[in-house]
Structure formats: structure tokens, C-alpha cells
Amino acid sequence: MKAVLEKNKIERETILEKLNWRYAVKKFDPAKKISESDWEILEDALDLAPSSMGLQAYKFIVVTDQETKEKLKPAAYGQTQITDASHVVVFAYKKTLTDADIDQYIERVAKVREQTRESLEAFENSLKSAVSQAIEGGYIETWNSRQPYIALGMLLETAALMDIDATPMEGFDAAKVNEILGLNDYSAVAICALGYRDVENDWLASLPKVRMPKDELIQRI
Ligand SMILES: Cc1cc2nc3c(=O)[nH]c(=O)nc-3n(C[C@H](O)[C@H](O)[C@H](O)COP(=O)(O)O)c2cc1C
């Protein structure tokens with residue numbers, strides 16, 4: 001439900017404080033777990049991420065099972081965040097799209113917005129044409145594999161606002177991760193480990209952020 005957020009307004013200073021507080025944690029405290037109620041909010045952040053044409057051609061595999069984390073760790077070149085973090089999310093994009101996927105999506109739009117299928121015909125046709133162009137042009141995987149990064153960004157920001165630590169990760173062998181998780185139609189493109197930092201044992205915890213000079217990074221016209 002869309003709402004005008006008058007109450008619970010987040011102070012501007014708080015946002016920047018939290019974004020400066022977050023960093024890509026190298027060492028999580030394995031004893032600290034994210035509560036179920038907090039985790040639900042983080043899952044909602046994933047769900048609420050925008051995606052190209054609203055298709056959500058991806059899925060998020062949430063791993064809390066320690067045995068599975070142990071299997072994933074070598075596929076992520078031994079990075080300890082995988083086994084120490086409370087939750088690990090694997091972002092997997094759908095390798096291709098079919099008319100059936102689009103039909104399913106259109107059905108959902110019709111149902112949620114109480115519209116007829118007929119009234120959505122132009123939208124359906126534009127979707128089908130965009131998808132078939134992407135398949136014929138050989139860029140469907142490029143297109144689909146970019147989408148989960150938007151959800152990754154939203155997850156990182158939401159976690160920071162909730163004082164939850166997170167590490168975005170691309171340092172892993174996707175083929176191995178796909179095999180461990182039994183992914184066929186989908187392929188892992190990014191991982192996010194979430195939990196709580198182990199300040200004393202994380203070499204990065206006390207180091208300042210390194211960023212480009214803002215005027216080089218941002219061009220204002
Ligand atoms: C797409 C992506 C992949 C990354 N992969 C890894 C990784 O595999 N392991 C890791 O420790 N950090 C990883 N990082 C963290 C970056 O090194 C880090 O975000 C960057 O140095 C900026 O620092 P900060 O996030 O601490 O501010 C990744 C970040 C992004 C956005």
C-alpha cells in the first residue's frame with residue numbers, strides 16, 4: 001500500500017550517518033543472528049525493488065542452513081562471510097524468458113489491479129516484443145542479469161538503515177554456486193551476506209571509506 005510518510009520521518013542526517021556506518025564487512029560475528037521480524041523487512045525490501053517492466057525475472061535464495069553455507073564457502077573462494085553471517089542471499093537471474101512467463105505476469109497485473117486481460121493487450125505485446133528482441137539480439141542474459149543488482153542495492157541500504165551489516169559479493173564461482181543450489185533456469189550473479197560485524201576481528205572496521213572526489217564522480221550540468 002502506498003502511503004505518505006509524514007510520521008516516522010527519517011532525518012536527513014540519519015540517512016547519511018547510516019550510509020557512512022555501513023561498509024562491506026569482512027568478519028561477521030557468527031553468534032549474532034538477525035531476528036525474524038527484521039528479516040521479514042529485509043525480504044520485503046527485496047520484493048519491493050523495481051525491475052525492468054516489473055517482470056522480476058530473478059529469485060533470491062536465502063540461506064541460513066549452516067551445512068549449505070559450508071558448501072558455498074569454497075565456491076566463494078573461502079570468504080568467511082558466507083559461513084559467519086546470519087543470512088546469505090544468493091541473487092539469481094532467470095536465464096531466459098518465455099511467453100509463458102509474460103502471460104503469468106500479465107495475469108498477475110490483471111488480478112492485482114482488477115483489470116481485464118484485454119485492457120492489458122498493448123502492454124503485453126510490448127513486453128513480448130521487447131523480450132523476443134532481447135532473445136534474438138542475444139542480450140537477454142545481459143538484461144536479466146542486471147536486474148538483481150537493483151534489489152541488492154536496496155537490500156544494502158535497508159539493512160544499513162536498520163543497523164544490520166551486509167557484504168555484497170561477486171567473488172564466487174557462479175557455476176559451482178548454481179550446482180550447489182540446484183539452479184538450472186536461473187544463474188547466480190551476486191551474493192549478499194548479512195548479520196553483525198565482529199568489530200574486534202575485522203581489519204576493515206576502523207578504516208575510513210575510500211571514495212572518488214565528488215566533483216569527479218558527479219557531473220552537474
Ligand atoms: C558487486 C560487488 C561485488 C563485491 N564483491 C565482494 C566480495 O566478493 N568480497 C568482499 O569482501 N567484498 C566485495 N565487495 C565489496 C567492495 O569491495 C566494497 O563495497 C567497496 O570496496 C566499497 O567499500 P564499502 O562498501 O566498504 O564502502 C563487492 C561490492 C560490490 C558492489
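Here the residue numbers are simple positions, counted from 1 along each chain's written sequence. With the structure being a predicted model, the display of local features is reserved for residues of pLDDT at least 70 and the display and counting of side-chain atom pairs for 80 or more, all residues being used for whole-chain, interface and lining totals. Values reported for side chains reflect all heavy atoms of the structure, with hydrogen atoms and water molecules removed beforehand.

Colleague: Before we move on, can you summarise the site of the ligand with the specific residues and values?
Modeller: Residues are labelled near a given molecule or strand when at least one of their non-hydrogen atoms is within 4 Å of it. By nearness alone, 13 residues border the ligand, and Arg22, Lys26, Gln79, Lys209 and Arg211 come closest of all. For the purposes of these results, a polar contact is taken to be a pair of N or O atoms within 3.5 Å, where, inside protein, one atom must be able to donate a hydrogen and its partner to accept one; residues adjacent in sequence count only when each atom of the pair is a side-chain atom. The contact in question runs from an oxygen atom of the ligand to an N or O atom on the side chain of lysine 26, over 2.6 Å. We get accessible surface area from the Shrake-Rupley algorithm with a probe of 1.4 Å; when it comes to residues, only the shown protein chains can shield them. Compared with its free state, where it exposes 620 Å², the ligand has 65% of that area covered by protein. Considering each element in turn, the shell around the ligand owes the most residues, three residues, to strand β3 (residues 165-169). Residues are grouped as follows: nonpolar covers Ala, Val, Leu, Ile, Met, Phe, Trp, Tyr, Cys and Pro; charged covers Asp, Glu, Lys and Arg; every other residue, Gly included, is treated as polar. Among the residues making up the shell around the ligand, the classes are represented as four nonpolar, four polar and five charged. Secondary structure elements are taken from DSSP: a helix is a run of H or I of four residues or more, a strand is a run of E of two residues or more, and numbering for both begins at the N terminus.

Colleague: Requested: an account of the pairing of strand β4 (residues 186-195), with residues and values cited.
Modeller: Accessible area is worked out with a 1.4 Å probe on protein chains only. A residue is then buried under 20% of its type maximum, exposed over 50%, and partly exposed in between. Burial analysis of β4 places ten of its ten residues in the buried class, which makes it a mostly covered element. Of the strand pairs in this sheet, β3 and β4 are connected by five bridges, and their pairing is antiparallel. Its bridge partner being in β4, alanine 166 is matched across the sheet by leucine 194. Paired strands are those between which DSSP finds at least two bridges.

Colleague: Give me the lowdown on the nonpolar core, citing residues and values where you can.
Modeller: Joining through side-chain atoms within 4.5 Å is the link that ties buried Ala, Val, Leu, Ile, Met, Phe, Trp, Tyr and Cys residues into a set, and such a set is a nonpolar core. The biggest cluster of nonpolar side chains holds 22 residues, and the ones touching the most others in it are Ile61, Ile82, Val88, Val90, Phe172, Val177 and Ile191. Among the secondary structure elements, those contributing two or more residues to this core are β1 (58-63), α3 (66-75), β2 (87-94) and β4. Every residue pair with non-hydrogen atoms within 4.5 Å of one another is taken to be in contact. Sequence-distant contacts of isoleucine 61, defined by excluding residues within four places in its chain, comprise Val88, Val89, Val90, Ala92, Leu181 and Leu183. Ile34, Phe91, Cys192 and Leu194 belong to the second-largest nonpolar core, a separate cluster that totals 21 residues.

Colleague: Lay out the pattern of salt bridges in plain terms, naming residues and giving numbers.
Modeller: Whenever Lys or Arg places a side-chain nitrogen within 4 Å of a carboxyl oxygen from Asp or Glu, that contact is recorded as a salt bridge. Tallying each qualifying case throughout the model produces 13 salt bridges. Between aspartate 103 and lysine 128 there is a salt bridge, with the nearest N and O atoms lying 2.9 Å from each other. Taken together, the residues span a long stretch of sequence, with aspartate 103 in helix α5 (residues 99-112) and lysine 128 in helix α6 (residues 121-136) at a distance of 25 residues. Between aspartate 173 and lysine 176 there is a salt bridge; the shortest N-O distance is 3.8 Å. Judged by relative accessible area, which is 23%, aspartate 173 ranks as partly exposed.

Colleague: How would you summarise a negative patch on the surface if you had to cite specific residues and measurements?
Modeller: Together, Glu36, Glu40, Glu43, Asp44 and Asp47 make up a region of like negative charge exposed at the surface. Note that aspartate 44 resides in helix α2 (residues 36-47). Using a relative accessible area of 45% as the deciding quantity, one classes aspartate 44 as partly exposed. Patches here: salt-bridge-free residues with over 30% relative accessible area, like charges joined within 9 Å, nonpolar side chains (Val, Leu, Ile, Met, Phe, Trp, Tyr) joined within 5 Å. As used throughout, the charge tally considers Lys and Arg to be positive and Asp and Glu to be negative, leaving His and the chain termini uncounted. By convention, the charge on Lys lies at NZ, on Arg at CZ, on Asp at CG and on Glu at CD.

Keep in mind these values describe shape, not function.
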